[in-house]
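For reference, the chains in residue letters:
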Amino acid sequence: MKLRKAALLLLLVSTVLAPIVLYTETLGIYLPSSATSSSSSGNDFIVEEASAFTFGGDIRPLNILPQESTTILKEPLGFVYSENSTQSLAANVSDASANDNARITRQLTEDSLQHQATVSSVLSGGRTGDAFENPIRQVTTTKELKAQSKDGEELHSQETEFKTIHTDSTKEMSRTSSEKSDSAFGKMQTNVEHHTSRNSGRNGAREQMDAQNDKQKEQAALPDARVSQLKDQLIRGKVYLSLSATRNNPHFIRELRLRMKEVQRVLGDVTKDSDLPRNAFEKLKAMEQTLTKGKQIQDDCAAVVKKLRAMLHSTEEQLRVHKKQTLFLTHLTAKTLPKGLHCLPLRLSTEYFMLNSSQQQFPGQDKLEDSRLYHYALFSDNVLAAAVVVNSTISHAKDTSRHVFHIVTDRLNYAAMRMWFLANPPSNATIQVQNVEEFSWLNSSYSPVLKQLGSPSMIDYYFKNRRAESDSNLKFRNPKYLSIMNHLRFYLPEIFPKLGKVLFLDDDIVVQKDLTKLWSLNLKGKVIGVVETCGESFHRFDRYLNFSNPLISKKFDPRACGWAFGMNIVDLDEWKRQNITEVYHSWQNLNHDRQLWKLGTLPPGLITFWNRTYALDRYWHVLGLGYNPNISPKEIDRAAVVHYNGNLKPWLEIGIPKYRSYWAKYVDNDQMYLRECNINP
């Protein structure tokens, strides 16, 4: 019986009293001395540690244990998040996310500070840990000074301070306590790094959102963005109409076609957002909703990409065909004569032959060979174009009585040209009109080019139907090259034997300044003054001449700078001295089979006047108004002469509209003959 009582007493001590004693000693280790004076404080600490345990990053209090009221909780002394940083974070995320983020931050900071308090109690053996108050306050002060910095940087600074405290503490701790502290601090460090990475992710998301907002603002700032969006919707709609998955849905196809018709009606011929109707945005939204349905039906991106590529290839092929057709039609239009310009010479010729012989004569014929005056050479069969050249030149001349215009035309337009200037005399200037058919010296036995122009092979080249053939030199197929009028510029000394200098002008130019200074230029032994055009790569010698032929490659530089006819001051005395006409004839004889260059006057001009040109300032002669729509208005206004070289002549409907006014202002729309022929440029 006594043995049984002893066994029961031993069992009672080992199962009841021993755990109580051991548990009390454990509390004495982990609680500071100020907290161990009361058992309730120890209980509260245990409850707090247990209730603060988190799962998956969310704070989930254990409701089975008593909780402290949230009203008595205070922000820890070392709290590193300032109000400004919290507001900056909240400005980029939703309110709910911001509140959750702040709660997590407070909890992490509490855990960190409690861990430091635990470490200090272990090191001090129950003392108050004064040695650790200053470092924590120092961290807090540092955080307050850097309140404007980013959240991730603040947490990193706090982490660094905690590492410093931990390093100092381990010098006084035992090896076992050091391992425990390192383990506890490692958990805290993991939490801090996890929170820092979350903040970095939020910062990246915020930057991405800002980039998207900037992109949206940029798209909104683009001009006519809504028109482009509507056009893009039509393209996407065409894609869905052709895909098998969407074609099998008749309801969607019906709705899509209806939306596309609505968008097409809204667009019409509109090119600007300001011209769109008021309901354009509603139609755009409705179309977008329908396209979203199509995207849900057809989720195979590969099929959409394949269809878009096929559409792109088809569009490029259509563009190539249209460009070719446009080129052909442009050259065809350039060859034709508008109805009004066909009417004008007929009407003028009728009036001319109704005059008596005395009325058909021009005044001032005694000035035609006076070399002290300013002489102009103009070769044209276009009455209206020649009138603009003369009118624009006279409008800027200081003394019109000293200007003499020598106009050479063909037999068909001779009477009309004379009648125009008889009815519209250019102030006090002198006019001479000649018929090229009356130049008896100009015949095929003297001029090789005249012989070539009348050859059957040349006529066949121009008039044989070659539409089915590919001809890269389509521009040379203009029959104007068959006319000797285009080659008269190489016979200036023969046409004007008693003149010393003459200014050659094309009939597609407009004079904007006084040109008399050109006669006083010293050409320094050169024959012709030109404006070089080597600023553009296609105006070099190799673009006009066949350098595969040894006759060309041995004589000329393929990268030599080209120039242009149109406005050229010519020293006829130097011309005769260097026998330029014979040089021209020799090269024409060598090119009888068109192996050195194709047709035209510029290639033989480049060869004939090789090393015999004097470069003029560029402002004297600005070219390109007949083909280049990108010439600067300042450059045009500064020019003495503007040249409509190219097919887009200002008297044709295909002329570039913004350049037409420079030419049209010298046309008298109130002139009787122009009204009768309905010419209104």
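Described below are features of the structure shown in this document. The model shown is predicted, which means the values in this text are computed figures rather than measured ones.

**Regarding the pairing of strand S9 (residues 567-571)**
Of all five residues in S9, five are buried, a share of seventy percent or more. Neither face of S9 is open: one carries Met567, Ile569 and Asp571, the other Asn568 and Val570, and all of them are buried. With five bridges joining them, strand S6 (residues 501-505) and S9 adopt antiparallel strand pairing. In the strand pairing of S9, lysine 501 is matched with aspartate 571. Across two bridges, strand S8 (residues 528-530) lies against S9 in antiparallel orientation. Paired with isoleucine 528 across the two strands is valine 570, which belongs to S9.

**Quick word on the state of the cysteines**
Counted according to the given criterion, the structure contains two disulfides. What pairs with cysteine 343 in a disulfide is cysteine 677, and their sulfur atoms sit 2.2 Å apart. With the S-S bond torsion at -70°, the cross-link from cysteine 343 to cysteine 677 turns out left-handed. Pair noted here: cysteine 343 is in helix H13 (residues 339-352) and cysteine 677 is in the segment after helix H25 (672-676), with a separation of 334 residues, a long-range link. Cysteine 343 sits in the partly exposed class, given a relative accessible area of 28%.

**Things to note about the packing of helix H8 (residues 225-242) against helix H12 (residues 301-335)**
Between two packed helices, the angle of one axis relative to the other and the distance separating the axes together describe the packing. Two numbers describe how H8 lies on H12: the axes approach to 10 Å, and their chain directions differ by 115°. Between H8 and H12, the crossing angle belongs to the class labelled roughly perpendicular. Note that H8 runs across H12; the crossing there is right-handed. Across the interface between the two elements, Ile235, Lys238, Val239 and Ser242 from H8 touch Val304, Lys307, Leu308 and Met311 from H12. For the contact of H8 with H12, a count of residues per class yields five nonpolar, one polar and two charged.

**With respect to the pattern of salt bridges**
Within the structure shown, the criterion is met by 13 salt bridges. Among the salt bridges present, the one from arginine 236 reaches glutamate 288, with a minimum N-O distance of 3.3 Å. Of this pair, arginine 236 sits in helix H8 while glutamate 288 sits in helix H11 (residues 280-297), placing them 52 residues apart in sequence. Note on glutamate 288: relative accessible area 26%, which makes it partly exposed. Arginine 559 serves as the salt-bridge partner of aspartate 542, at 3.3 Å between the closest nitrogen and oxygen. Taken together, the residues aspartate 542 in the loop between S8 and helix H19 (550-553) and arginine 559 in the loop between H19 and S9 connect sequence positions 17 residues apart. Since its relative accessible area comes to 32%, aspartate 542 is described here as partly exposed. Accessibility expressed as a relative area gives 42% for arginine 559, which makes it partly exposed. It is possible to trace a salt-bridge network through shared partners that takes in Arg259, Glu262 and Lys283.

Conventions adopted
Residues numbered from 1 in each chain as written. Predicted model: local features only at pLDDT ≥ 70, side-chain atom pairs only at ≥ 80, totals over all residues. Heavy atoms only, no water. Buried < 20%, exposed > 50% of the residue type's maximum accessible area, 1.4 Å probe, protein only. Helix = DSSP H or I, 4+ residues; strand = E, 2+ residues; numbered from the N terminus. Pairing = 2+ DSSP bridges. Disulfide = S-S within 2.5 Å. Axes fitted to C-alpha atoms, helices over the stretch in contact; angles between N-to-C directions. Parallel < 35°, antiparallel > 145°, perpendicular 65-115°, else oblique. Left-handed = near helix turned anticlockwise from the far one by under 90°. Contact = heavy atoms within 4.5 Å. Nonpolar A, V, L, I, M, F, W, Y, C, P; charged D, E, K, R; others polar. Salt bridge = Lys/Arg side-chain N within 4 Å of Asp/Glu carboxyl O.

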